[in-house]
Amino acid sequence: MALKEKLYNLESKKENALIVGVAFNDSKADFDRELEELESLCFTAGLKVKGSICQNVKEENPRTLIGSGKVEEIKNLVEELDIDVVVIDCELSGSQLGNISEIVNAKVIDRSMLILDIFACRAQTSEGRLQVKLAQLKYSLPRLGLFSTSSNRYGGGVGMRGPGETKLELNKRKVRDEILKLEKEIEKIKNQRNIKAGERKKNRLKQVAIVGYTNAGKSTLMNLITKAGTYADDLLFATLDTTSRKLWLGESKSVIIIDTVGFIDKLPHAFIDAFNATLKETVDADLLLHVIDASDKNYLEKVKVVEKVLNEIGATNKKIIKVYNKCDKIIDTSKLTDGVLISAKENKGIDLLKEKIVEELFEE
């Protein structure tokens with residue numbers, strides 16, 4: 001099936017959203033931080049957040065995950081605030097999503113559905129769309145019952161958008177066949193990447209991958225040092241497709257710089273599986289530039305998330321330079337002694353970063 005070359009118009013009529021923070025028997029849960037990020041994800045997806053609610057789940061309800069009393073609170077808020085979609089900040093089963101949806105009388109999506117929906121909106125290349133479609137199918141397969149029995153609520157909108165906006169196939173066998181087909185197509189892409197990587201090694205071109213939490217400023221840095229022209233904005237997952245450019249660092253010192261998709265906490269497993277070919281760029285790199293938003297009060301937690309994802313994809317034991325970006329926004333940099341301080345937006349610290357790359361890759 002041909003994939004439709006189309007970007008989504010996020011300025012169209014926005015759905016009203018209620019966001020629900022969830023922690024599991026965690027007395028130290030930072031709901032403010034969790035809900036702030038969930039709201040940013042909703043904004044990126046084109047949702048209008050009209051309210052929020054949270055619960056520390058001490059004993060999981062198998063039907064709805066969260067407590068029945070909290071579900072009733074959500075139902076009341078749905079009516080009071082004219083909510084179209086409820087976004088729950090954890091991953092739920094199809095039956096749990098369906099049960100909550102029936103009670104609150106609104107579409108209910110979880111964090112994974114929201115993130116995959118944003119991927120669907122942001123992927124611009126045919127490769128990106130293939131990977132997004134595969135991720136969505138893998139996520140949807142065990143939840144097909146939800147979409148078939150609640151079609152009145154899950155017929156479209158945020159959480160249900162995909163490459164080409166094709167209607168979701170509800171036959172499990174056909175979905176599995178489509179998954180196999182996409183996996184074969186992506187395997188071809190992976191092989192093509194391996195060939196290109198081999199050619200770079202023959203030409204002695206070292207590979208540097210820019211990694212980091214979403215919205216840390218990776219694409220802005222990429223544009224500054226390579227003039228790549230990659231789309232950059234103050235949005236989560238502003239760019240999804242991988243970009244690579246050659247960077248000259250001095251005589252006989254050139255590298256390939258690769259801008260990769262940003263990571264985020266609670267990243268759907270379907271994403272890691274589907275984006276294996278793209279993430280392999282990180283695994284094969286000679287050096288990683290871990291871009292960190294130094295102005296983010298939660299940057300230490302986000303550093304841990306990135307390190308966890310790198311470990312999951314097998315990119316540990318790599319040479320890593322921590323790049324503390326947006327340092328023009330902070331006064332005290334005394335704690336940032338284990339990396340390079342820059343401001344990609346203000347073009348500060350870039351020469352020092354280049355010197356550090358040369359030191360790591362070309363000097364014994």
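Scope of this entry: the structure provided in the associated data block. (Residues numbered from 1 in each chain as written. Predicted model: local features only at pLDDT ≥ 70, side-chain atom pairs only at ≥ 80, totals over all residues. Heavy atoms only, no water.)

**A word on helix H3 (residues 94-104)**
The α-helix advances 3.6 residues per turn, and as a result positions three or four apart in sequence lie on the same side. Regarding H3, the residues found buried are Gly94, Gln96, Leu97, Gly98, Ile100, Ser101 and Val104. A positive phi of about 60° marks asparagine 105, the residue just after H3. (Buried < 20%, exposed > 50% of the residue type's maximum accessible area, 1.4 Å probe, protein only. Helix = DSSP H or I, 4+ residues; strand = E, 2+ residues; numbered from the N terminus.)

**Here we look at the side chain of aspartate 89**
You can see aspartate 89 is positioned in the loop between strand E3 (85-88) and H3. On the accessibility criterion, aspartate 89 (0% relative accessible area) is buried. Residues in contact with aspartate 89, not counting those within four places in the same chain, are Val20, Gly21, Val22, Glu34, Leu38, Arg111 and Lys266. (Contact = heavy atoms within 4.5 Å.)

**Structural notes on the nonpolar core**
Core analysis: the biggest nonpolar cluster contains 76 residues, and Ile74, Val86, Val87, Ile88, Val104 and Leu114 have the highest contact counts within it. If we ignore the near neighbours within four places in the chain, the residues touching isoleucine 74 are Leu18, Val20, Ile53, Ile66, Val86 and Val104. Listed in part, the 24 residues of the second largest apolar core include Leu247, Val255, Ile350 and Leu353. (Core = buried A, V, L, I, M, F, W, Y, C linked by side-chain atoms within 4.5 Å.)

**Quick look at the sheet that holds strand E7 (residues 254-259)**
The six strands are arranged E6-E7-E5-E8-E9-E10 in an open sheet whose pairing can be described as mixed. The open sheet has two free edges, formed respectively by strand E6 (243-248) and strand E10 (340-341), since each of these has just one partner strand. Pairing analysis gives five bridges linking strand E5 (residues 206-212) to strand E8 (residues 287-293), with the strands arranged parallel. Each residue of the ladder has a partner; that of glycine 212, found in E8, is valine 291. Contacts from helix H11 (residues 299-312) reach E5, E8 and strand E9 (319-325) within the one sheet, and its direction differs from that of E8 by about 150°. The sheet contacts of helix H12 (residues 350-362) involve E5, E7, E8, E9 and E10, and relative to E9 the element is tilted by about 175°. (Pairing = 2+ DSSP bridges. Axes fitted to C-alpha atoms, helices over the stretch in contact; angles between N-to-C directions.)

**Notes on the environment of serine 219**
Within the secondary structure, serine 219 is located in helix H8 (residues 218-226). Taking relative accessible area as the criterion, serine 219 reaches 8% and is therefore assigned buried.

**Re the packing of H8 against H12**
Where H8 contacts H12, the axes come no closer than 12 Å and their chain directions differ by 85°. Taken together, the axis directions place H8 and H12 in an arrangement best described as roughly perpendicular. Counted together, Leu221, Leu224 and Ile225 of H8 and Ile350, Leu353 and Lys354 of H12 form the full contact between these two elements. Here the residues of the contact of H8 with H12 sort into five nonpolar, no polar and one charged. (Parallel < 35°, antiparallel > 145°, perpendicular 65-115°, else oblique. Nonpolar A, V, L, I, M, F, W, Y, C, P; charged D, E, K, R; others polar.)

Nothing here speaks to function; it is geometry throughout.
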